[in-house]
Amino acid sequence: MTTAGAAAEVRTVLGVARLGEADLRGWWSSHGLDRAGSFVLGRAFPRTAAPAGLELDILSARRRHDDALARRSSALHLFSDGLPFRRQASAWLSEQKTAPVPDPLLDELAGWDISSAEASLCAGGVDIGPAQVLADGLRLGRLDRSDLDDDAELASVALRLSAAYAGLGAAFKAPCFDLAG
């Protein structure tokens, strides 16, 4: 999957994982693509440092979300098993480890500052709709099980999640949907 062929959902997962790094929003205090992470991972994995760093970011983000949402199985967040996005991003990163030329998306993400991250994540100007703050979570709505098989609905979910992260600021609330039924 190339950058041109990378699904918007994959870009969203990787972008949010990067936005949460210590040098940007600091939500999960990871260092996958920042200067420290690039130095350390570049020495350990000279060819695959960026994909490895993003994998670590994704793991950190997933844990932070699970903790914030009290490990509720009905909470569907960007990094949860209930939505396909994290798995798609992980597969894309695995492909990048064996690609003859690194995808430019990796350099783009490494070069982000907060402004470029927010602009990229809410590029479509999507309204997240009504949201409800619940402890450390931000519920954007409910999804039925049938919605999980609907590609158009999943694309809409990814856009709303992306816009929610872009608008969070430094105070982290885990954007999520509740799974109904």
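Sequence order sets the numbering: in each chain, residues are counted from 1 along the sequence as written. Local features in a predicted model are, by the rule used here, given only for residues with pLDDT of at least 70; side-chain atom pairs are given and counted only at 80 or more, and totals for whole chains, interfaces and linings are based on all residues. In computing side-chain values, all of the structure's heavy atoms are included and hydrogens and water are not.

Asks: Just checking my understanding: could you explain the packing of helix α1 (residues 8–19) against helix α4 (residues 85–98) for this structure?
Replies: In helix packing, the relevant descriptors are the interaxial angle and the interaxial distance, both defined with respect to the helix axes. To define axes, lines are fitted to C-alpha atoms, for helices over the stretch in contact only, and angles between the resulting N-to-C directions are given on a 0 to 180 degree scale. To qualify as a helix, a DSSP run of H or I must reach at least 4 residues; to qualify as a strand, a run of E must reach at least 2; elements of each kind are numbered from the N terminus. One way to put it is that α1 packs onto α4 with a least axis distance of 8 Å and a crossing angle of 85°. Our classification of the angle between α1 and α4 gives roughly perpendicular. Taking contact as the criterion, the partners of Glu9, Val10, Val13 and Leu14 in α1 are, on α4, Phe85, Arg86, Gln88, Ala89, Trp92 and Leu93. Ten residues, namely Ala, Val, Leu, Ile, Met, Phe, Trp, Tyr, Cys and Pro, are considered nonpolar, four, namely Asp, Glu, Lys and Arg, are considered charged, and the remaining ones, Gly among them, are considered polar. For the contact of α1 with α4, the residue count by class is 7 nonpolar, 1 polar and 2 charged. Every angle not falling under 35 degrees, over 145, or within 65 to 115 is termed oblique; those three ranges are roughly parallel, roughly antiparallel and roughly perpendicular. Note on contacts: a residue pair is in contact if any heavy atoms of the two residues lie within 4.5 Å.

Asks: For this particular structure, what's the right way to read the pattern of salt bridges?
Replies: Close approach of charged atoms lets side chains of opposite charge pair. Salt bridge criterion: a side-chain nitrogen from Lys or Arg within 4 Å of a carboxyl oxygen from Asp or Glu. Considering all chains together, one arrives at 14 salt bridges under this definition. For the salt bridge of arginine 62 with aspartate 81, the shortest nitrogen-to-oxygen distance reads 2.8 Å. In this pair, arginine 62 sits in helix α3 (residues 49–68) while aspartate 81 sits in the loop between β1 (75–76) and α4, placing the two residues 19 residues apart along the sequence. Exposure is judged per residue with a 1.4 Å probe applied to protein chains only, and the accessible area is read against the type maximum: over 50% gives exposed, under 20% gives buried, and values in between give partly exposed. By relative accessible area, which is 44% here, aspartate 81 ends up partly exposed. Through salt bridges with shared partners, a single network forms among Arg62, Arg63, Asp66, Asp67, Arg71, Asp81 and Arg86.

Asks: What am I meant to see in the pairing of strand β3 (residues 137–144) here?
Replies: Pairing analysis gives 3 bridges linking strand β2 (residues 132–134) to β3, with the strands arranged antiparallel. Bridge pairing links valine 133 to leucine 138 in β3. Here the rule is simple: two strands pair whenever DSSP picks up at least two bridges between them. In this antiparallel pair of consecutive strands, β2 and β3, the connection spans 2 residues, and alanine 135 shows a positive phi of 55°. Pairing between β3 and strand β4 (residues 174–180): 6 bridges, direction parallel. Paired with aspartate 144 across the bridge in β4 is alanine 180. Clockwise travel from the first strand over the helix to the second, with the strands pointing away from the viewer, marks a crossover as right-handed. Remark: the β3/helix α7 (residues 151–166)/β4 crossover connection has right-handed handedness.

Asks: Before we go on, may I ask you to explain the sheet that holds β2 in this structure?
Replies: Strands sit in the order β1-β4-β3-β2 across an open sheet of 4 strands; the sheet is mixed. Lying at the two open borders of the sheet, with one neighbouring strand each, are β1 and β2.

Asks: What exactly am I supposed to notice about the packing of aromatic side chains here?
Replies: Each aromatic ring pair is described using two quantities: the centre-to-centre distance and the angle formed by the ring planes. A pair of Phe, Tyr and Trp rings is counted when the ring centres sit within 6.5 Å of each other, with Trp represented by its six-membered ring. The angle between the planes then sorts it: under 30 degrees is stacked, over 60 is edge-to-face, the rest tilted. Taken as a whole, this structure holds 5 aromatic pairs when the rule is applied. Here the aromatic rings of tryptophan 28 and phenylalanine 172 are separated by 5.7 Å at their centres, their planes lie at 85°, and the arrangement is edge-to-face. With a gap of 144 residues between them, tryptophan 28 in the loop between α1 and α2 (35–44) and phenylalanine 172 in the loop between α7 and β4 connect regions that are remote in the sequence. A relative accessible area of 8% means that tryptophan 28 is categorised as buried.

Asks: Sorry, what's going on with α4 here?
Replies: In an α-helix, one turn spans 3.6 residues; hence positions three or four apart end up facing the same way. For a helix, the expected span equals 1.5 Å multiplied by the number of residues minus one. With 14 residues, α4 should cover 20 Å at 1.5 Å per step; its first-to-last C-alpha distance of 21 Å lies within 8% of that length. Taken together, the buried positions of α4 are occupied by Phe85, Arg86, Ala89, Trp92, Leu93 and Gln96. Buried residues in α4, looked at end-on, bunch into an arc of 125°, giving them a common side. Taking the helix axis as origin, the arc is that swept by the directions to the C-beta atoms.

Asks: In this structure, what is going on with the layout of surface pockets? I would like to understand it.
Replies: Over the atoms a probe the size of a water molecule is rolled, and this reveals where empty space is left. Each pocket or cavity is described by its volume, and for the largest pocket that value is around 250 Å³. In terms of lining residues, the largest pocket is bounded by 20 residues, among which Ala8, Thr12, Ser120, Leu159 and Ser162 are the most central. Broken down by secondary-structure element, the contributors of at least two residues to the lining of the largest pocket are α1, α5 (104–110), α6 (114–121) and α7. Element by element, the count of residues in the lining of the largest pocket is highest for α1, at 5 residues. Class assignment of the residues belonging to the lining of the largest pocket gives a composition of 11 nonpolar, 6 polar and 3 charged. Grid spacing is 1 Å over the protein atoms alone, the probe is 1.4 Å, and a cavity is where that probe fits but cannot get out, while a pocket is an open set with protein on both sides within 12 Å along at least five of seven lines and lining residues have an atom within 4 Å of a point. Grid points are joined across faces, edges and corners, and a volume is the space filled by probe spheres set on the points.

Function cannot be read off these values alone, since they describe shape.
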